[in-house]
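Structural description and commentary
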Amino acid sequence: MNLQLIKGSFKSSEALDLLSQLVNVKIKFHESKIENSQNEEDIKMRENRIKQLQQEFYETKQAILTKDKTCELESGITIS
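Residues numbered from 1 in each chain as written. Predicted model: local features only at pLDDT ≥ 70, side-chain atom pairs only at ≥ 80, totals over all residues. Heavy atoms only, no water.

1. Examining the overall build of the protein
Condition: The helix and strand labels rest on DSSP assignments: H or I over at least four residues marks a helix, E over at least two residues marks a strand, and numbering proceeds from the N terminus. In this setup the radius of gyration rests on C-alpha atoms only. A globule is expected at 2.2 Å times the number of residues raised to 0.38. Think of it in three bands: residues with accessible area under 20% of the maximum for their type are buried, residues over 50% are exposed, and the middle band is partly exposed, with areas taken using a 1.4 Å probe on protein chains only.
A tally of regular secondary structure across the protein gives two helices and two strands. Along the protein, helices and strands appear, N-terminal first, in the series β-α-α-β. Here the C-alpha atoms of the protein give a radius of gyration of 15 Å, more than 25% beyond the 12 Å that 2.2 N^0.38 yields for 80 residues. Its C-alpha atoms give the protein principal-axis dimensions of roughly 45 × 30 × 15 Å. In the protein, which comprises 80 residues, the share counted as buried stands at 25%.

This is the structure we're talking about:
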């Protein structure tokens, strides 16, 4: 089963806004799991994932800012 979340051409500002919101939701998910966890391994894994998401978003943001006025985005979720 597939869920298509994003597919289309976006202005750079729109693409950054959309991606920023998606990344922030994922970060908030990990933060809520950290708050409810007592497991140090789980907490460290989630903290590392948050840092990784932030770094990847920064790199993606830089790439989008070097593009012309629009960029193509496509994202989906596969459930198996």
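2. Overview of the pattern of salt bridges
Our working rule: By convention in these notes, a salt bridge is any Lys or Arg side-chain nitrogen within 4 Å of a carboxyl oxygen on Asp or Glu.
Here the structure, examined in full by the defined rule, presents one salt bridge. One salt bridge connects Asp42 with Arg46, and the closest N-O pair in it is separated by 3.2 Å. Of this pair, Asp42 and Arg46 both sit in helix α2 (residues 40-66), four residues apart, which is roughly one turn of the helix.

3. Here's the deal with the nonpolar core
Condition: Joining through side-chain atoms within 4.5 Å is the link that ties buried Ala, Val, Leu, Ile, Met, Phe, Trp, Tyr and Cys residues into a set, and such a set is a nonpolar core. Every residue pair with non-hydrogen atoms within 4.5 Å of one another is taken to be in contact.
Ranked by size, the top nonpolar core spans 15 residues in total, and within it Ala15, Ile64 and Leu73 carry the most contacts. Broken down by secondary-structure element, the contributors of at least two residues to this core are β1 (2-11), α1 (12-35), α2 and β2 (70-78). Per element, the largest residue contribution to this core is six residues, and it comes from α1. Residue contacts for Ile64: discarding those within four places in its chain leaves Ser12, Ala15, Leu16, Leu19 and Cys71.

4. Brief notes about the packing of α1 against α2
Describing two packed helices takes the angle between their axes plus the distance from one axis to the other. Our working definition: Axis geometry follows a simple rule: fit a line to the C-alpha atoms, using only the stretch in contact for helices, then measure angles between N-to-C directions, giving values from 0 to 180 degrees. Angle categories are assigned with fixed cut-offs, so that under 35 degrees is roughly parallel, over 145 is roughly antiparallel, 65 to 115 is roughly perpendicular, and the rest are oblique. Classes in brief: Ala, Val, Leu, Ile, Met, Phe, Trp, Tyr, Cys and Pro nonpolar; Asp, Glu, Lys and Arg charged; the others, Gly included, polar.
For the pair α1 and α2, the least separation of the axes is 9 Å and the interaxial angle reads 175°. Here α1 is positioned roughly antiparallel relative to α2, judged by the angle of their axes. Here the contact of α1 with α2 is composed, by residue class, of 13 nonpolar, five polar and seven charged.

5. A look at α1
What counts here: What a helix is expected to span follows from its residue count: subtract one and scale by 1.5 Å.
Spanning 24 residues, α1 covers 34 Å between terminal C-alpha atoms, matching the ideal 34 Å at 1.5 Å per step. Turning to α1, its buried residues are Ser12, Ala15, Leu16, Leu19, Val23, Ile27, His30 and Ile34. Tucked inside the fold, the buried residues of α1 contact β1, α2 and β2.

6. Looking at the environment of Asn2
Note the following rule: Throughout this description, a polar contact denotes any pair of N or O atoms lying within 3.5 Å of each other; where both atoms belong to protein, one of them has to be capable of donating a hydrogen while the other can accept it, and for residues adjacent in sequence the pair is counted only when both atoms sit in side chains.
Positionally, Asn2 belongs in strand β1. By relative accessible area, Asn2 is classed as exposed at 63%. Contact partners of Asn2, with chain neighbours within four places excluded, come to Ile77 and Thr78. At 3.0 Å, the side chain of Asn2 and the side chain of Thr78 are in polar contact.

7. A closer look at α2
For α2, spanning 27 residues, the distance from its first C-alpha to its last is 39 Å, which sits close to the expected 39 Å at 1.5 Å a residue. Of all the positions in α2, only Ile43, Arg46, Ile50, Leu53, Phe57 and Ile64 are classed as buried. For α2, the side-chain oxygen to backbone nitrogen distance between the N-cap and Glu41 is 2.9 Å, and the N-cap itself is Asn39.

All quantities given are derived from atomic positions and should not be read as evidence of function.
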